[in-house]
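What the coordinates show
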Amino acid sequence: MPDKKREVIKVEIPSKAIRVQHATCPHGHNLMDSEHKINGYPSVAVLARYQDKEGLIYLDPIYGSFKNAMEIDVPEGECVEFFCPTCKEPLTLTRQICDQCGANMFEIRLPHHGLVAGCLRNGCHFHTLKLADGENLLRSLDEDHTLDSFL
Ligand SMILES: [Zn+2]
Ligand SMILES: [Zn+2]
């Protein structure tokens, strides 16, 4: 598919104002786990591997909050790998490494081709959010709050 011409616009939001609600693996398997709530909301469950250990990690669904819960012990500063718990597809991002520590990053899918990426090093909180469908996003803004009023 040809790359569409895109402009990248940075939007600053209040910390912890965004909650991931519909995360999936690249094959569309639901990663939300309503039986393991964090901050009162369904967590994002991924299969993690550290050395020869495997277990689920429940990621805090609040963007910017890191009350993650782990089934396996990962020492601070060590890196893990993430997989889809259903199809075991690696969630490691191949085209990007962490800006802050150089470790590999993982990526999970959001609706409308949005993406959340995060660092795989335990204790590193570098993460990014991409709401790729900018046109829908702009359309959903209040009429009084078109992008013009922010420029
Ligand atoms: Zn999957
Ligand atoms: Zn990092």
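A brief structural summary.

Conventions we followed
- Residues numbered from 1 in each chain as written.
- Chains lettered and ligands numbered in written order.
- Predicted model: local features only at pLDDT ≥ 70, side-chain atom pairs only at ≥ 80, totals over all residues.
- Buried ≥ 20, exposed ≤ 12 C-beta atoms within 10 Å, placed from the backbone.
- Helix = DSSP H or I, 4+ residues; strand = E, 2+ residues; numbered from the N terminus.
- Pairing = 2+ DSSP bridges.
- Core = buried A, V, L, I, M, F, W, Y, C linked by C-beta atoms within 7 Å.
- Contact = placed C-beta atoms within 7 Å.

The side chains of a regular strand alternate, residue by residue, between the two faces of the sheet. Counting buried positions along strand β6 (residues 92-97) gives 0 out of 6 residues, so the element sits mostly on the surface. Relative to strand β7 (residues 104-109), β6 runs antiparallel, the two sharing 3 bridges. In the strand pairing of β7, Thr92 is matched with Phe106. As consecutive antiparallel partners, β6 and β7 are separated by 6 residues, and within that stretch Gly102 has a phi angle of approximately 80°, a positive value.

Of all hydrophobic cores here, the largest spans 25 residues; its most connected members are Leu31, Val44, Val46, Phe82, Leu91 and Ile108. Those elements that place two or more of their residues in this core are β2 (41-50), β3 (53-59), β7 and β8 (115-119). With residues near it in sequence (within four places) discarded, Val46 still touches Leu31, Ile57, Leu59, Phe82, Phe83, Pro85 and Leu91.

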